[in-house]
Amino acid sequence: MLDEMFWTVHSGLKREGPGDEASARRAFAAIHGLPPRPAVLDVGCGPGGQTLTLAALTDGTITAVDNHQPFLDDLAAAAATQGFADRIRPLNASMAALPFDGETFDLIWSEGAAYLMGFAEAVAAWRPLLKSGGWLAVSEACWLKPLDQIPEDARAYWAEYPAMTTVDGVLGQVEAAGYRIWDHFILPPQAWWTYYGPIEARVASLREAFAGDADRLARLEVHQQEVDGYRRFGALYSYVFVVAQKASPND
Ligand SMILES: C[S@@+](CC[C@H](N)C(=O)[O-])C[C@H]1O[C@@H](n2cnc3c(N)ncnc32)[C@H](O)[C@@H]1O
């Protein structure tokens, strides 16, 4: 359960997970044969950093799903400011019960969110929503070394995600769910700092705001410790961005 401090730190940020425009563009470049106005679904869109990039990259409509209304409100405001209000459709829904007919979308995009319903379960559950030959672009946290080479302190840092697997493990889950993989790459440190930079700045300003309030300061430090953990262990893990196509049952 996310506490009040989580939302104090995270409200109003442009991104809610590692990733940046360059990575989204790189993943999008691996996709081919989309129709001129593709129907795109962005699952767990958060405040919509990648949604806005997708709107700039396509002439299609992007349905952006999240279950935290303030993120959707931030996205709607940014979409209006950037001239995308007619093509970005924020929708409050659960990624585990997406309210769409089968074969609705040309592309399903999801950065750093599929794990929330179990990564393998998510990519399997979303597949029927893709049209024949439709595309999946999804990022997932992963270890960069074999599991038996991950030190205990790094494992302890990731204790909240014991199912985290390796790059090959993620690729295997996507293939097993019925997709053909076209490309994958590891998010570079720059994409992490696009996310952690603003969080670190927010923590610094909240330290001043909460001066003298030991309880709040202690709860705030948890967020700094997450960033510090990336500095310490970041060579051992990242996100893999996978671009894959819905395979026909005979593939
Ligand atoms: C790690 S954030 C990633 C956000 C965004 N894709 C990004 O990279 O900036 C995960 C997002 O999933 C949303 N979320 C969590 N559980 C969800 C659910 N069951 N259905 C839909 N969205 C959910 C959260 O509100 C959050 O915005």
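Before going into details, it helps to say that this report is about the structure given with it. Since the model is a prediction, treat every value here as computed from it, not as a measurement.

Take helix 7 (residues 167-176) next. Listing the buried residues of helix 7 in full gives Val 167, Val 170, Leu 171 and Val 174. When helix 7 is viewed along its axis, its buried side chains cluster within an angular range of 95 degrees and face the same direction. Opposite the buried face of helix 7, by more than 90 degrees, sit the exposed residues Asp 168 and Ala 176. Positive backbone phi, at 100 degrees, marks Gly 178, one or two positions downstream of helix 7.

Let us look at the site of the ligand. Close contacts around the ligand come from 18 residues, with Arg 15, Glu 16, Gly 44, Asp 66 and Met 95 the closest. One nitrogen or oxygen atom from the main chain of Gly 46 is found 3.5 Å from an oxygen atom belonging to the ligand. The side chain of Gln 50 places a nitrogen or oxygen atom 3.5 Å from a nitrogen atom of the ligand. According to the grid-proximity analysis, the pocket containing the ligand is the largest pocket. Split by residue class, the shell around the ligand holds 6 nonpolar, 8 polar and 4 charged.

Let's shift gears to the nonpolar core. Of all hydrophobic cores here, the largest spans 79 residues; its most connected members are Ile 108 and Trp 109. Beyond its immediate stretch of four places on either side in the chain, Ile 108 contacts Leu 41, Val 43, Trp 126, Leu 129, Leu 130, Trp 135, Leu 136 and Ala 137.

Quick look at the sheet that holds strand 1 (residues 39-43) now. Strand order in the open sheet made by the 7 strands is 3-2-1-4-5-7-6, with mixed pairing throughout. Only two strands of the sheet have a single neighbouring strand rather than two, namely strand 3 (88-92) and strand 6 (179-186). In this sheet, neighbouring strand axes are inclined to one another by 20 degrees on average, regardless of whether the strands run parallel or antiparallel. In terms of strand pairing, strand 5 (residues 130-143) meets strand 7 (residues 237-246) through 9 bridges, oriented antiparallel. In the sheet register, Leu 136 faces strand 7, and the bridge partner there is Ala 244. Where helix 2 (residues 21-29) meets the sheet, it contacts strand 4 (105-111), strand 6 and strand 7, and its direction lies at approximately 145 degrees from that of strand 4.

This brings us to the layout of surface pockets. Its boundaries defined by the atoms lining it, the largest pocket holds a volume of some 1,500 Å³. Lining the largest pocket we find 48 residues, and of these Leu 2, Phe 6, Tyr 115, Leu 116 and Tyr 195 sit closest to its centre. Among the elements of the structure, helix 1 (4-10), helix 3 (49-57), strand 2 (61-66), helix 6 (152-157), helix 8 (189-209) and helix 9 (214-233) are those that each provide at least two residues to the lining of the largest pocket. Residue contributions to the lining of the largest pocket peak at 5 residues, all from helix 9. Grouping the amino acids of the lining of the largest pocket by side-chain chemistry returns 26 nonpolar, 13 polar and 9 charged. The computed volume of the second largest pocket comes to approximately 420 Å³. Taken together, 22 residues line the second largest pocket, and the ones lying closest to its centre are Lys 14, Arg 15, Gly 48, Gly 49 and Leu 52. Broken down by secondary-structure element, the contributors of at least two residues to the lining of the second largest pocket are helix 2, helix 3, helix 4 (69-81) and helix 8. Take the lining of the second largest pocket: its biggest share by element is 5 residues, from helix 3. In terms of residue class, the lining of the second largest pocket is built from 8 nonpolar, 7 polar and 7 charged.

Each value, and the rule that gives it
Residues numbered from 1 in each chain as written. Predicted model: local features only at pLDDT ≥ 70, side-chain atom pairs only at ≥ 80, totals over all residues. Heavy atoms only, no water. Buried < 20%, exposed > 50% of the residue type's maximum accessible area, 1.4 Å probe, protein only. Helix = DSSP H or I, 4+ residues; strand = E, 2+ residues; numbered from the N terminus. Arc of directions from axis to C-beta. Near = heavy atom within 4 Å. Polar contact = N/O pair within 3.5 Å; in protein donor to acceptor, adjacent residues only side chain to side chain. 1 Å grid on protein atoms, 1.4 Å probe; cavity = no way out; pocket = protein on both sides within 12 Å on 5 of 7 lines; lining within 4 Å. Sits in = over half its atoms within 2 Å of the grid points. Nonpolar A, V, L, I, M, F, W, Y, C, P; charged D, E, K, R; others polar. Core = buried A, V, L, I, M, F, W, Y, C linked by side-chain atoms within 4.5 Å. Contact = heavy atoms within 4.5 Å. Pairing = 2+ DSSP bridges. Axes fitted to C-alpha atoms, helices over the stretch in contact; angles between N-to-C directions. Points joined across faces, edges and corners; volume = space filled by probe spheres on them.

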